[in-house]
Amino acid sequence: MEEAPDIEIEHPWPYLSEFFEVVERKNESFIFKCLLCLPQKHTISSFKNSPSNLKKHIEVKKAFKSLGKIQCPDSPSKRKAENPVPSTSRQLKLGETKIVNQTKVDNVVINFVIQSLQPFTVLEQPAFNALVQELQPNSRVMSRTTLRRKVEEGVQEMKRNIKQAMSSIEFIATTTDCWSARRRGFLGVTAHWVDPDSLKRCSVALACRRIKGPHTFDVLGSALNDIHCEFGIEKKIVRTTTDNGSNFIKAFREYGEQQQDENNNCASSETEEDACSDEDEQEEEGVDVDFIEVTPILMEDDGLQFQLPKHHRCACHLLNLVATVDAAKANSNDSYKRLSRSAFAKCSGLWNKTSRSSTASDIIEETCKIQLIRPNDTRWNSLFLSVERIVRIIKDEGEGALRTVCTALKLPITMGPLAKALNILQDETDVQMGWLLPTLTLLINKLERIHINSRYCKPLVDAVLEGLQKRFKDMMAEPEFIAAAILLPKFKTAWTSDENLLNLGLAYIKDHLEEERPHQSPGNGSSASDDDDFFSSMKKTHGQESVKQLEGYLASKVDNKEILQSYPAVCKLSLKINTALPASAACERLFSTAGLIFSPRRARLDARNFENQLLLKLNKKIF
């Protein structure tokens, strides 16, 4: 019997014919012979509507380049995408290798070194070089010299970005502080502003500059002014927040904006008096005139070559002084003194025992289900948290768990509101200057309620209240701070019942609300404009439109910050007086990161290189 001739089966995907040959067709599927696997015979089955099995087989055979050259004019996906969009990143499949160019490798290495706080010597470690070579065989690791040069270039680019971002900002606040480590002194500066569109807080680190010699007021003032001028923000800063160091206080007293205004007033009055005396002398005859050399006087450095912005003392630093120095005055009461010393003596013994003996620490963890916290000598918060942990153990596990601690340990709970106030004011993301007075007012109210119900701690509460009154008296009566709280939708006028305080704040707001001036056409004469400017003092200090905006803002029940955008004049004033931070904790966080970079094993790190690494690390999230 004669065999039937073979019927040639048409290839369903001609663009794959150079890789696969059709063997047979079974119902809805095709059987293909792989030409890439020859001389081995390998068959693949594929459904008639999808060549995915064939493509996967090609990928396994690592024919990526050949596959990329294939054109698929008849592919359904090609017909749908008339204007193909560049493919986005996708997950790598088994056996696939991603090729990265040298520039990308260098950027990833720089990011790794900076963000993980690695020393530059990591580039010379064989293990790190082997890791890079294993991941990207065609790449190489840069040298330490190249890394330092690229870091320098990155810092310059980052500073340009910061300058560009702050160029459109009208109100900026700064924090500054001094830090010493490895026998070197540094001045840290951070900048903060509120984005006028989103009303979100933005923060950047500006500098951590080496200061040589003693940190006197004139050295700090000059260095701080240089940093402000470098970024072009010297005329935009509304306030600078520092701690209560005498050198910073004197620097702002001598060169600050407020002191400068007072000096100008004094100088003008002295000039008037001198002018009157000169006129009187001219009427007299026969008066001898003494000639003096004016060159040394003109060349004398009086500090007026620069001017610092308004100064604000860190509220958290003041609260720490209240909790330590002022609270110690409660020991003048004999009964409280005995109770306090007995309680804290037992606490100290417990902390010392657990920190020196691993056996004692294991017993504490087994009995109390939690470890103790040892206080830090430089931060009062740590003392509160340490005592709070002991009280928590007593509350959860019972007094039997720590019989060595008497029931008098309930004493430190009196300081709970003060610790919470510190935690609130230390924030730099959501907290603004308007949070200061509401926080202090609520703190005082809580302490007064504790005073009523307290049995043992009335002397402590009295000492803390007296300290708050002494250290924050001027701030709580400052009209600008009152207005700052009123212009925050979260508080408005609900944070106090003192009508006198609210009236001070409202008066400040009305006096400083800016009325939108109508646009003057070019055809108007200059004489009319000059006349308007001359008689402008006879006009009202605030326009009716701005007052209506203020009334609408106060009457609104909405308490989110976006409501400010509905009242432009109110929003602008709120940004101006709420841009500053009540505490300088942001600068202390800068030094915390600096301590991780400037470690004992990196004590020889160059000051410029150290600052560059720190700024790139801190400004990574924003720029």
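A few points on the structure. Fair warning: this is a prediction, and the values are worked out from it, not measured in the lab. (Residues numbered from 1 in each chain as written. Predicted model: local features only at pLDDT ≥ 70, side-chain atom pairs only at ≥ 80, totals over all residues. Heavy atoms only, no water.)

Remarks on the overall build of the protein chain
The secondary structure content of the protein chain amounts to 24 helices and eight strands. Looking at the protein chain as a whole, 40% of its 623 residues qualify as buried. Sequence separation of at least 24 residues holds for 66% of the intrachain contacts in the protein chain that already meet a minimum separation of 6. Carbon and sulfur atoms make up 50% of the accessible area of the protein chain, which totals about 37,800 Å². (Helix = DSSP H or I, 4+ residues; strand = E, 2+ residues; numbered from the N terminus. Buried < 20%, exposed > 50% of the residue type's maximum accessible area, 1.4 Å probe, protein only. Contact = heavy atoms within 4.5 Å. Areas by Shrake-Rupley, 256 points an atom, 1.4 Å probe, with all protein chains shown as cover.)

Some words on empty space enclosed by the protein
Counted under the stated rule, the structure contains one cavity of 30 Å³ or more. In this model, the largest cavity occupies a volume close to 30 Å³. Around the largest cavity sit L425, Q426, D427, E428, L581, P582, A583, A585, A586 and R589, which together line it. Broken down by element, the lining of the largest cavity gets its largest block of residues, three residues, from helix α23 (residues 585-597). The residue inventory of the lining of the largest cavity, partitioned by class, reads six nonpolar, one polar and three charged. (1 Å grid on protein atoms, 1.4 Å probe; cavity = no way out; pocket = protein on both sides within 12 Å on 5 of 7 lines; lining within 4 Å. Points joined across faces, edges and corners; volume = space filled by probe spheres on them. Nonpolar A, V, L, I, M, F, W, Y, C, P; charged D, E, K, R; others polar.)

Some details on the sheet that holds strand β6 (residues 201-211)
One open sheet holds the five strands; their spatial order is β6-β5-β4-β7-β8, and the pairing between them is mixed. Since the sheet does not close on itself, it has two edges, and those belong to β6 and β8 (311-313), each with one partner. Mean inter-strand twist for the sheet, computed between neighbouring axes without regard to direction, equals 25 degrees. For strand β5 (residues 184-194) and β6, the ladder comprises 10 bridges, and the chain directions are antiparallel. The residue bridging A191 from the neighbouring strand is V204, located in β6. (Pairing = 2+ DSSP bridges. Axes fitted to C-alpha atoms, helices over the stretch in contact; angles between N-to-C directions.)

Quick look at the pattern of salt bridges
Enumeration according to the criterion identifies 15 salt bridges in this entry. Note that E428 is salt-bridged to R589, the shortest N-O span being 3.0 Å. Residue E428 is found in the loop between α15 (416-425) and α16 (436-453), and its partner R589 is found in helix α23; the two are separated by 161 residues along the sequence. One continuous salt-bridge network, built from bridges that share partners, spans K159, R209, E230 and E611. (Salt bridge = Lys/Arg side-chain N within 4 Å of Asp/Glu carboxyl O.)

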